[in-house]
Amino acid sequence: MTEQIESGYELPVFPYKRPPELSGLPGQVSIVIVGGGLAGLTLAADLSIRGIPFVLVDEDDTVGVRGASSRGIVYAQKSLEIFARLGIYDRLAQKGVAWSVGRSLRGDRDVIYEFDAAGQTHSEQPPFLNIQQFYIEWYLVERIMELGVGELRWKNKVAHAEAHDDVTHLVIDTPDGRYELHADWVVDCSGLASNLREKLGLQTHPEKGTERWCISDVRFKKELPLERWTWVESPVNNNRAVWQHPMADGVWRIDFQMELDADVDYISRPDVCTERVRRLLGDEFPFELVWVGPWASRTHLLDNFRHKRVLFAGDSAHVFPPLGGRGGNSGIQDADNLGWKLALVVKGKAPVSLLDSYNLERRPAAIHNTLLATRSVRFLSPVSAGQRCLRRAAMDLARRHDFARKMINTGRLSDPFRYQDSPISADAGESVANVTLQLKTGSRVALVDLARANQLLVFTGGDVAIPEALKDQQVFRVGAGTRWDINDHEGLVSAALGLQEGMVVVVRPDLHILVRSNDASILTRATRNVLLVE
Amino acid sequence: MKTENQITDPDRFYDELSTLHASLNAESSADLNARLVLILANQIGDNSVLSECLALAASSGN
C-alpha cells in the first residue's frame, strides 16, 4: 500500500516505567507538562535549569512524530540563544548548519533578491541554524535527563481533564492502565490536535486553507552553497514555489508548493516526489529520499493561553502556515516566556497574576506570526489576474531595485517579538541579543549565562543608585574599564541593552527588557509587577 | 493624502503616460501600470497615506 522509505535514522526509544499512582491514590504534583515536542521539552529543560520539579507526560516513547521527519528545521537566533541557556547549543552547532545568506531565484538561476542576515546583532549565536527537529528534541531529552530535576513519563497519554480554579485533574492512560494526577499547574504542549484542550472544550476557531505543500528530505552529494534558496516560480515545479535548505548529515530539505486543494496522498507518493526532485537536481546527481510528507495549511488560535490552572504553548495554542519557519520558533519562545514566570510563581516569589502576562505577551506574538505567514501565502498564491500582474511587476523590478526586492515574499523568517502591549514591559519589551560580557574577574560570559537564576538582571550605566525593590536581584554596573562589574570598553553591551549613562535597564530572564528608566518609582513599580517585594 | 493638484504640469504627465500605453495590448498595459504603482508607491513611502490612496482608488471606479 504505502511504500516504505528507509530513512537511515535510528531514533532513540525512551523507557516506559509503571507510574506509582497506578496502585493507589491520585498523585499530587506541582507542574505537569503535557507533550514532549519542541515547546514541552524546551519548558521542561528550562524548569530543570531553574530547579523546578515537574512531570512531563508524552503519549509516545521517542522523538519525532512520524519517524525521522525533518518537520521544523530553521531555528532563529532567539531560539538558538534559548538553547544556549539550556545547555544544548554546542551540540546543535556541531550537528546543524549555520547560515545567513538567502537568495530568491526566478527561473533556473536568475537571482532577484538576496540577503545576508549576518552582523545585525552581536549575539554569540548565528542568525539561523538548520537542523532536523528530532535532533533538537533528542538533545533536550538528554539534557533534561542529565539535569535530573523533573520526571519524563513516556507512553502516558492524557485521556481526560477537569479544570478547577485551583487545581487540574488529569486522567492518564498507560500500557498498564489508567491513573490520576492532580496538578497545581498544567502546561499543554500537546500540539495541533491536543486531546487535553479538546476535553476542556476550548474554542480555537480553526480554519482549513487550500494551500498544499510537499516536504521532502533528500540526501545527495551535489555541492551546493549552504544557503537558503527559494523560487517564486520554479520551472521544475509548474511555476510554483520551491524552498531549498541544507540540514544536518548532508540531508537537504526541499519544499514544493502544490496546486490548491491538491490530493495529499498523491503529492506525497514517493515515486511522484522522486520525479520532482530529479527535475530539480538534474540527472547526474544520485539522491535518496529520506522522508516525504504533505502539508495542508490551517490556522487556529486560542482566545486565551490561560484557562484556570492550565496554560497553553506551541501548536496547541496557535497554528499558522509554515512560511518563514515561525511555528517551532514561536513554541520555543512561548516556553521561554513562561518558564521563568512559572518558576517565580511556584517559588512564591511572584504574584500568580504574572502568569496572565504570558497570555498578554504571547498571544499578540501569535497574531503577528499569523499575519506575516498569511501575507507570504497570499504572495505565493495569487488568486486573480490582477494579483498575478502585481507580483510580476514586483519581480520585474526586484533585480535592480531595492524597494521591489522588499516585496518578494517567500516567507519572513522568525524574529523575536517585542512585547509592547504587555502589562509588565510597557514601552520596552524588546529582546536583547546574547552578547559576550567581560566581567570584573576577567572572565568572559554570555548574557544567557546570567539568566539561569530566578532573578532579574539589573544593568546600570555607571554608578547609579538602584531602588530597594531591586537590591536582591543580580546587579551589574557597566562602564569602560576594569573597575566595573561589566567592562564594556567597546560599548557593545550598552548598545545591545540601550543603556545610557545614568540609566538603569532591567532585563527579564527571557532576555526581554522589563524597564528602562532612571526614575526610582518607575523602576519600583515595574519590579512589583513581576516580583513580590516590599 | 492630498487631493488638490500637486503635479507641476498635469497635461504633460497625462500625455507621457498615454504615450507609453499607445502601442500596448491590455496585458502589457496592466503590467506597465502595476510596475508604475509600485514605483510611485515607493515615492510616497508612508503606509497610512498609501492606504488612503488605495481606498480612494477602490471607491472611485464606476
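Please read these numbers as outputs of a predicted model, since none were measured by experiment.

Basis of the calculations
Residue indices follow the written sequence of each chain, beginning from 1 at its first position. Key to labels: chains lettered from A, ligands numbered from 1, both in the order written. Reporting in this predicted model follows two pLDDT cut-offs: at least 70 for local features of residues, and 80 or more for side-chain atom pairs to be given and counted; totals over whole chains, interfaces and linings ignore these cut-offs and use all residues. Only hydrogens and water are set aside; all other atoms, that is, all heavy atoms of the structure, feed into the side-chain values. In short, DSSP must find at least two bridges between two strands for them to pair. Secondary structure counts use DSSP, requiring at least four H or I residues in a row for a helix and at least two E residues in a row for a strand, with both numbered from the N terminus. We call two residues contacting when some pair of their heavy atoms lies within 4.5 Å. Interaxial angles span 0 to 180 degrees and are taken between N-to-C directions of axes, which are lines fitted to C-alpha atoms, for helices over the stretch in contact. Between rings of Phe, Tyr and Trp, where Trp is taken as its six-membered ring, a pair exists when centres lie within 6.5 Å; planes separated by under 30 degrees are stacked, by over 60 edge-to-face, and by other angles tilted. Burial classification: accessible surface area is computed with a 1.4 Å probe over protein chains only, and a residue below 20% of its type maximum counts as buried, one above 50% as exposed, and the rest as partly exposed. To sit over a ring, a charge needs its Lys NZ or Arg CZ within 6 Å of the ring centre and within 35 degrees of the ring normal. Counting of polar contacts relies on pairs of N or O atoms within 3.5 Å, with two restrictions inside protein: one atom must be capable of donating a hydrogen and the other of accepting it, and residues adjacent in sequence are counted only when both atoms are side-chain atoms. Scored from 0 to 100, pLDDT reflects the predictor's confidence in each residue.

## Notes on the sheet that holds strand β26 (residues 513-517) of chain A
The strands making up a sheet are joined through hydrogen bonds of the backbone, oriented either antiparallel or parallel. All names here are of chain A. One open sheet accounts for five strands, arranged β24-β23-β22-β25-β26; its pairing is mixed. Each end of this open sheet is capped by a strand with a single partner; those strands are β24 (486-487) and β26. Along the sheet, helix α13 (residues 520-530) makes contact with β25 (504-507) and β26, crossing β26 at roughly 165°.

## Notes on the packing of aromatic side chains
Residues and elements named next belong to chain A. Tallied over the full model, the rule gives 15 aromatic pairs over all chains. With a centroid separation of 4.5 Å and 20° between ring planes, the pair formed by tryptophan 99 and phenylalanine 128 is classed as stacked. Of the two residues, tryptophan 99 is situated in strand β4 (residues 97-99) and phenylalanine 128 in strand β7 (residues 128-130); the sequence distance between them amounts to 29 residues. Taken as a pair, tryptophan 99 and phenylalanine 128 share a single burial class, namely buried. Consider the rings of tyrosine 135 and tyrosine 139, whose centres lie 5.9 Å apart with planes at 40°: the pair is tilted. In this pair, tyrosine 135 and tyrosine 139 are both assigned in helix α4 (residues 133-147), four residues apart and thus about one turn of the helix distant. The same class applies to tyrosine 135 and to tyrosine 139, which are both buried. One Lys or Arg, arginine 309, reaches over the ring of tryptophan 185 and ends 4.3 Å from the middle of that ring. Across from the ring centre of phenylalanine 379, 5.8 Å away, lies the NZ or CZ of arginine 391, which sits over that ring.

## A closer look at the side chain of Asp510(A)
Residue and element names in this part refer to chain A. Considering the arrangement of structural elements, one finds aspartate 510 in the loop between β25 and β26. Under the relative-accessibility criterion, aspartate 510 is labelled buried at 1%. A distance of 3.1 Å separates a polar side-chain atom of aspartate 510 from the backbone nitrogen of histidine 512. Those residues in contact with aspartate 510 that sit more than four places away from it in its chain are Lys78, Asp336, Asn337 and Trp340.

## A look at the confidence of the model for chain B
Residues of chain B with pLDDT of at least 70 account for 100%, and the chain-wide mean is 96. Complex prediction metrics read pTM 0.95 and ipTM 0.95.

## A few points about the environment of Gly107(A)
Residues and elements named next belong to chain A. With respect to the helices, strands and loops of the structure, glycine 107 is situated in the loop between β5 (101-106) and β6 (110-116). For glycine 107, a relative accessible area of 24% translates into the label partly exposed. Along the sequence, glycine 107 and leucine 129 sit 22 residues apart, while their C-alpha atoms lie 27 Å from each other. If we skip the residues at most four places from it in the chain, glycine 107 touches Trp231, Glu233 and Pro235.

## Quick look at unusual backbone geometry
It is generally the case that most residues other than glycine have a negative phi and that most peptide bonds are trans. All names here are of chain A. Look at lysine 155: it is not a glycine, yet its phi comes out positive at around 55°. A residue is classified by how much of its surface remains accessible, and lysine 155, at 32% relative accessible area, is partly exposed. Even without being glycine, histidine 205 reaches a positive phi, approximately 55°. Considering the arrangement of structural elements, one finds histidine 205 in the loop between α5 (195-199) and β12 (207-220).

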